[in-house]
Amino acid sequence: MSDPTRPPAVGVLDQGAALTFPPGFLWGAATAAYQIEGAATAGGRTPSIWDTFSHTEGRTVGGHTGDVACDHFHRMPDDVRLMAELGLKSYRFSVSWPRVQPGGSGAANAEGLDFYRRLVDELLGHGIEPWLTLYHWDLPQPLEDAGGWPARDTAGRFADYAQLVVDALGDRVRYWTTLNEPWCSAFLGYGSGAHAPGRTDGADAVRAGHHLMLGHGLAVQALRASRPDAQLGITVNLYPVAPATGSPADADAARRIDALANRFFLDPVLRGSYPADLRADLASVTDFGHVRDGDLKIISTPLDLVGINYYSRHVVAAPVEGEQPEAYWRAPTCWPGSEDVRFVTRGVPVTDMDWEIDAPGLVETLERVHRDYTDLPLYVTENGSAFVDAVVDGQVDDTDRLAYFDSHLRAAHAAIGAGVPLRGYFAWSLMDNFEWAWGYTKRFGMVYVDYDSQVRIPKSSARWYAEVIRRNGLAAQ
Ligand code: FCB
């Protein structure tokens, strides 16, 4: 993705061969609080922007909300037992900010923190390493009412919240990531409006992105001061961006989208600066007046690891008058200052999200971060696919999802072979859940959830993944 003249790669790596991963490779699965917990008003929890958004007519498919979701809040011990049965070495979950600090300021809510204490204890009791994400998109509604992420004060509020969580869980949780996918929070939340809080202002999206990173840096400093031995990082969602053709105009379109999608976050966090071309592309949107002296130093506070979420590749072309794609994260309003760039589909196989399946893109992404940005250990903190599932005789045979995981694990292995210090992989997701604006209509889980009965059924991919973990690699096919 750093070479905009390179054509997009398609294919599968090392297909069929047995592959072994390095000893100690951290095999996990991921979830997020609002997507699975439910219990929206239990134990003093107050609304987040996702409660408000999902309860607003027309915002989610079918008007679905996370009120009940997978009812994980009440079924947590059984869910942890399921993780243990699958042999997970680690579980990546997020803490719900409005559960542990209702309203987003002031004292901690002991009842809310207690849920996460019990979760962590259950995990440790089963030999599963807890991996805690502080922010997976559920900003307390009062903080949005006070301006949300476009307001600078939210960054400080986030660091205060981080302190409450580390005070409660710092003795038992070793791996901490601050933000999950700040691109989505900023550009889907405040740009396209497809995600909560549903605002649509390019300048606000850019400000939100900056304040999210500022909050990240302040939180890292707070966590580091409290727990010098903790492993601290951030999770970014990265995409290789390829030009549709070899034309200079398409190369420029790829450069622009790469700047907004990837370098907007990688450069400040890992280099302490915004890319000059990004600033120039955004000149009509913002003068970057929200960036104060010292911010970039805070944002680039040293980390111990980088988490990367990988799903697909962007292929883009130069603007053509009157042509725009419609997919939600390809919508023009996601890309302030570069609204006219066209997103091109290649006709390769797609998932139920319409995301093109592109395993080699994972190798490119990991290699790029290692080569261009950092020697830090890298983790794939999310990777997975939605497909339509059918329950037949009480079983779900999800061969498409299994093949997706297989091809991406081959890609992960290839990256390690190329020298990338990749230390772990988290499947998205442990179980089917509330897929944001898509509600319950998209299933990403390795475990099927019947939302009426809350029965969990491990799919074929879950059984396969359990075997991958047991072998520490892939069997020959
Ligand atoms: C990522 C999110 C995660 C889930 C997957 C499919 O962008 O981090 O919560 O929605 O996509």
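Residues numbered from 1 in each chain as written. Predicted model: local features only at pLDDT ≥ 70, side-chain atom pairs only at ≥ 80, totals over all residues. Heavy atoms only, no water.

(A) Layout of the UniProt feature "active site" (unreviewed entry) in the protein chain. Per the UniProt record, the feature "active site" (unreviewed entry) sits at E181 and E382. Across 202 residues of sequence, these annotated residues stay compact in space, with a maximum C-alpha separation of 10.3 Å. Within the annotated group just given, the residues that line the largest cavity are E181 and E382. Structurally, E181 can be placed in the loop between β5 (175-180) and α8 (182-192). With residues near it in sequence (within four places) discarded, E181 still touches W137, T235, N237, N309, Y311 and E382. Mapped onto the secondary structure, E382 falls in strand β11 (residues 378-382). Residue classification places E382 among the buried residues on the basis of a relative accessible area of 4%. In this view, E382 contacts A30, R92, H136, N180, E181, I308, N309, Y310, Y311, F426 and W428; residues no more than four positions away in its chain are not counted. (UniProt positions renumbered as here; feature names shortened; annotations may be inferred. 1 Å grid on protein atoms, 1.4 Å probe; cavity = no way out; pocket = protein on both sides within 12 Å on 5 of 7 lines; lining within 4 Å. Helix = DSSP H or I, 4+ residues; strand = E, 2+ residues; numbered from the N terminus. Contact = heavy atoms within 4.5 Å. Buried < 20%, exposed > 50% of the residue type's maximum accessible area, 1.4 Å probe, protein only.)

(B) Local environment of the pairing of strand β6 (residues 231-237). Among the seven residues in β6, six count as buried, and that is most of the element. Here five bridges tie β6 to strand β8 (residues 305-309), and the two strands are oriented parallel to one another. Considered in β8, the bridge of V236 is made with I308. (Pairing = 2+ DSSP bridges.)

(C) Representation of the site of the ligand within the structure. For the ligand, the full set of nearby residues is Q35, H136, W137, N180, E181, Y311, E382, W428, E435, W436 and F444. Contacts to the ligand include E435, whose side-chain N or O atom sits 2.8 Å from an oxygen atom. In this structure, W436 approaches the ligand through a side-chain N or O atom, which is 2.9 Å from an oxygen atom. Residue classes in the shell around the ligand are distributed as five nonpolar, three polar and three charged. (Near = heavy atom within 4 Å. Polar contact = N/O pair within 3.5 Å; in protein donor to acceptor, adjacent residues only side chain to side chain. Nonpolar A, V, L, I, M, F, W, Y, C, P; charged D, E, K, R; others polar.)

(D) Seen up close, the packing of aromatic side chains. Inspection of every chain in the model, using the stated rule, returns 40 aromatic pairs. Consider the rings of W131 and Y175, whose centres lie 4.8 Å apart with planes at 5°: the pair is stacked. Placement of W131 in strand β4 (residues 129-135) and of Y175 in strand β5 is noted, with a sequence separation of 44 residues between them. Of the two residues, W131 and Y175, both sit in the buried class. Clustering of aromatic rings is evident, with ring pairs tying together Y34, W50, F53, W137, F434, W436, Y440 and Y451. Cation over ring: R271 sits above Y373, and NZ or CZ is 4.2 Å from the ring centre. The residue whose ring lies beneath K442 is W438, and the NZ or CZ to ring-centre distance is 4.7 Å. (Phe/Tyr/Trp six-rings, centres within 6.5 Å; stacked < 30°, edge-to-face > 60°. Lys NZ or Arg CZ within 6 Å of the ring centre and 35° of its normal.)

(E) Expanded view of the environment of G170. Mapped onto the secondary structure, G170 falls in the loop between α7 (153-169) and β5. For the pair G170 and A230, spaced 60 residues apart in the sequence, the C-alpha separation amounts to 8.0 Å. Contacts of G170, omitting those with residues within four sequence positions, involve V165, W176 and R227.

(F) Focus on the sheet that holds strand β9 (residues 314-317). Pairing within the open sheet is mixed, and its three strands lie in the order β7-β9-β10. On the outer flanks of this sheet lie β7 (241-243) and β10 (342-343), each paired with one strand and no other. Looking at chain direction, β7 and β9 are connected through three bridges and run parallel. Residue A242 lies in a different strand from β9, and its bridge partner there is V315. Strands in contact with helix α10 (residues 248-271) are β7, β9 and β10; relative to β7, the strand with the most contacts, it is inclined by about 170°. (Axes fitted to C-alpha atoms, helices over the stretch in contact; angles between N-to-C directions.)

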